[in-house]
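Residue-level structure breakdown
Listed below are the residues making up each chain.
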Amino acid sequence: MNRYAVRADLLDFTADPGWGKPHDASAGLRWRPDHWLLVDGSGRIAGVQAEAPEPSWLRLDHRGRLLMPGFIDTHVHMPQLEVLASFGTELLHWLETYTFPAELRYADPEACSAGSNRFLDALLAHGTTAAVVFPTVHKASAEALFTAAEQRGMRVIAGKCLMDRNAPPGLTDTVDSAERDSTELIERWHGRGRLAYAHTVRFAPTSSDAQLALAGRLLAAHPGTYLQTHVAENQDELRWVAELFPDARSYLDVYARHGLVGARSVLAHGIWLDADDRALLAREGAQIAHSPSSNLFLGSGLADWRGLEQEGVAVTLASDVGGGTSLSMLRTMADAYKVQALRGVRLSAWKALYAATRGAATALGLEREIGSLDIGCVADFALWQYAVGPVAAARDAAVSSLHERLFALMTLGDERNVVSTYVAGQCLYAAA
Ligand code: GUN
Ligand code: ZN
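Described in the following lines is the structure provided in the data block. Because the structure is a prediction, the values reported are computed rather than measured.

We now examine the site of ligand 1. Around ligand 1, the structure places His77, Gln80, Leu91, Trp94, Leu95, Arg202, Phe203, His230, Glu233, His269, Ser294 and Asp320. Note that an oxygen atom of ligand 1 is positioned 2.9 Å from one of the side-chain N or O atoms of Gln80. Glu233 has a polar side-chain atom sitting 2.7 Å from a nitrogen atom of ligand 1. When the free accessible area of ligand 1 is taken as 280 Å², the share hidden by the protein chains comes to 100%. The biggest single contributor to the shell around ligand 1 is helix H1 (residues 91-104), with three residues.

Listed below in C-alpha cells is the structure:
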C-alpha cells in the first residue's frame, strides 16, 4: 500500500471526557480542524500535522468533512439483520417468535457465509470498523464470520454461541460438542491477524450449569480470549433466571460462580443490577455494553450509565441489532441520550463519541491498536459529512459551538453521513 495523507477535520479523544458540562475545550477531547492524517504503507497512523505533507505522500482532500476513528460496537448479532423491526414483544417472546427461527437458518453454511459478508459490509457502511459479535450456535457461523472479517482485515471479537437448553431443536449444542467446536475455533482463529475469540454464552437461561462451567474452564485455559453474554436485561428474564438457578444470589452471580466475570468479559445490558452486582463488576473489571436502542425497542428498561461508572464499572456502547433497530452508532448515541434524559442525566456528544471509540478500545484492552488517531494505531477511521439533507444542513448552519455541531450530528445523523470507511488504511466502503 502506498502511504497517503487525508485532509479533514480530525476528532478523537485522549481520555474520558466524563459527565461534566461539555465545552469545546473539554478534557480528553482532541480537535484538530483542517489537519492531515498520515497513513503509512503498513496501514498505521504515522502522524497528524497542520501543514500539507511533502509531495511523496499521496493526498486525499476531504476538506470540510469530519474524520473520526472507526466506531467500535461492543455487542451486536450477525444473524439478526433479518429480525430488525419485529413488532410487538418483549425479550423472551421476541427470542422465541422471531429470533430463534431466524437463527435456525444458519445451520446452512452458505447462509452463514452470505450473512457474515452482508453483516460486515453493513457495519462498514455505518462507519463501524470493529465489533464484538454474536453469530449463532452453529460452528459454521463463527467460521464464516471470522473468514469474512479476515478478508476485510477487521478487528472482530466473536465465538460460537453456547446454548444447550431452552431453545428449539436445531439451535442447541451439548457440553461435549461445545467444547470440541470451541476448542477447534480457538485454535484456528484466536490471535490470527486481528481476530480474537470470545466464549459466547447466549444468556443464563440457555446454558446448563455444566455448560457455564465449561465456558469458565475455556476462558481460564485460553489467555487473551474474551467472554460475551447478556445480563439483567428484562424483568421476566430475571424471574426465569431466579427459577433456573435458585442458589444464585443474583443473575450476575450465575456467571460469577463460574469465573465468567472478569476483565475480558463483555456483558450486554446490565439494567437490573443491584449494588453487590455493581461492586463485583467494578472489582473484576468487567464491562457493560449499554444497548439503548434495544432497551427502548424491547421495552427492557433504562440503564444507569452514569451510576455504573460512578461505581467504577466500565460502560461501552452497543447497537445490539436486532433487538436494537440500527447498526448506526450515531443513532445508538442519540438513543443513549434519550435514555439518560429519562433518568435526569444529559449525555454529551463527547462522552458518547468517546464511549464508541477510545472508551470501547480501552475497555477491551485494545487502546494501543484502535479507537483513536494516536500515532502507531491501526488506521481504522471513517470520514463523515456533518449534515445530510436540508433539515440537518439548516441546523448545522446555526450552530455556535463545536459541541453543538457534533451533538446535532449525533442526534440527526446516521449512515447517510458516512462518506467512506477505512480499515487498516484500506478504503473498504465509499458512499455512492
Ligand atoms: N438475550 C438472549 N439472547 C438475546 C438476543 O439475541 N438479544 C438480546 N437483546 N437479548 C438476548
Ligand atoms: Zn444482544
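This brings us to the packing of aromatic side chains. Inspection of every chain in the model, using the stated rule, returns eleven aromatic pairs. With 5.7 Å between their ring centres and 45° between their planes, Tyr251 and Tyr255 make a pair best called tilted. Of this pair, Tyr251 and Tyr255 both sit in helix H7 (residues 251-256), four residues apart, roughly one helical turn. The class for Tyr251 is buried, based on a relative accessible area of 6%. Tyr255 sits in the buried class, given a relative accessible area of 0%. Measuring from ring centre to ring centre gives 4.5 Å for Phe381 and Tyr422, while their planes differ by 10°; the resulting arrangement is stacked. Highlighted residues: Phe381 in strand S14 (residues 381-384) and Tyr422 in strand S15 (residues 418-423), separated in sequence by 41 residues.

This brings us to the coordination of the zinc ion (ligand 2). Protein-derived ligands of the zinc ion (ligand 2) are His75 (NE2), His77 (NE2), His230 (NE2) and Asp320 (OD), with the metal-ligand distances lying across 2.0 to 2.2 Å. Taken together, the four donor atoms coordinating the zinc ion (ligand 2) and their angles of 90 to 165° define a geometry best described as irregular. Every donor residue of the zinc ion (ligand 2) comes from the same chain, spaced as H-x1-H-x152-H-x89-D. Of this pair, His230 sits in strand S10 (residues 226-231) while Asp320 sits in the loop between strand S13 (314-317) and helix H11 (329-342), and the two are 90 residues apart along the sequence. You can call His230 buried: its relative accessible area is 6%.

We now examine the state of the cysteines. For the coordinates displayed, the defined rule picks out zero disulfides. Just so you know, Cys112 is unpaired, no disulfide at all, and the nearest cysteine sulfur is the one on Cys161, 12 Å from it. The class for Cys112 is buried, based on a relative accessible area of 0%. Here Cys161 falls in the buried class, since its relative accessible area comes to 0%.

Moving on, we get to the packing of helix H4 (residues 175-189) against helix H5 (residues 209-221). When two helices pack together, their arrangement is given by the angle between the helix axes and by the axis-to-axis distance. Between H4 and H5, the least distance of the axes is 10 Å, while the angle of their chain directions is 20°. In this view, H4 runs roughly parallel relative to H5, as classed from their interaxial angle. As H4 packs across H5, the resulting crossing turns out to be right-handed. Here Val175, Ala178, Glu179, Ser182 and Thr183 of H4 come into contact with H5, specifically with Ala210, Gln211, Leu214, Arg217 and Leu218. Residue composition of the contact of H4 with H5, grouped by class: five nonpolar, three polar and two charged.

This brings us to the nonpolar core. If you look at the biggest cluster of nonpolar residues, it comprises 72 residues, and the most contacted ones within it are Phe71, Tyr255, Leu281, Met333, Trp350, Leu353 and Leu406. Broken down by element, the residue count for this core peaks at seven residues, all from helix H12 (residues 349-363). Apart from the residues lying within four places of it in its own chain, the contact partners of Met333 are Phe71, Leu317, Leu347, Ala352, Leu353, Ala356 and Met410. By size, the runner-up hydrophobic cluster in this structure holds 29 residues, among which are Leu123, Val156, Val321 and Leu327.

Strand order in the open sheet formed by seven strands is S3-S2-S1-S4-S14-S15-S16, and the pairing between neighbours is mixed. Each edge of the sheet is formed by a strand with only one pairing partner; in this case those strands are strand S3 (45-49) and strand S16 (426-430). Neighbour to neighbour, the strand axes of the sheet diverge by 40° on average, direction disregarded. Judged from the six bridges that link them, strand S1 (residues 4-13) and strand S4 (residues 58-69) form a sheet pairing that is parallel. For Val6, the partnering residue across the bridge sits in S4 and is Leu60.

Cut-offs applied
- Residues numbered from 1 in each chain as written.
- Chains lettered and ligands numbered in written order.
- Predicted model: local features only at pLDDT ≥ 70, side-chain atom pairs only at ≥ 80, totals over all residues.
- Heavy atoms only, no water.
- Near = heavy atom within 4 Å.
- Polar contact = N/O pair within 3.5 Å; in protein donor to acceptor, adjacent residues only side chain to side chain.
- Areas by Shrake-Rupley, 256 points an atom, 1.4 Å probe, with all protein chains shown as cover.
- Helix = DSSP H or I, 4+ residues; strand = E, 2+ residues; numbered from the N terminus.
- Phe/Tyr/Trp six-rings, centres within 6.5 Å; stacked < 30°, edge-to-face > 60°.
- Buried < 20%, exposed > 50% of the residue type's maximum accessible area, 1.4 Å probe, protein only.
- Donors = N, O, S within 2.8 Å, 3.2 Å for Na, K, Ca; no water.
- Tetrahedral: all angles 85-135°; square planar, octahedral: opposite > 155°, others 65-115°.
- Disulfide = S-S within 2.5 Å.
- Axes fitted to C-alpha atoms, helices over the stretch in contact; angles between N-to-C directions.
- Parallel < 35°, antiparallel > 145°, perpendicular 65-115°, else oblique.
- Left-handed = near helix turned anticlockwise from the far one by under 90°.
- Contact = heavy atoms within 4.5 Å.
- Nonpolar A, V, L, I, M, F, W, Y, C, P; charged D, E, K, R; others polar.
- Core = buried A, V, L, I, M, F, W, Y, C linked by side-chain atoms within 4.5 Å.
- Pairing = 2+ DSSP bridges.

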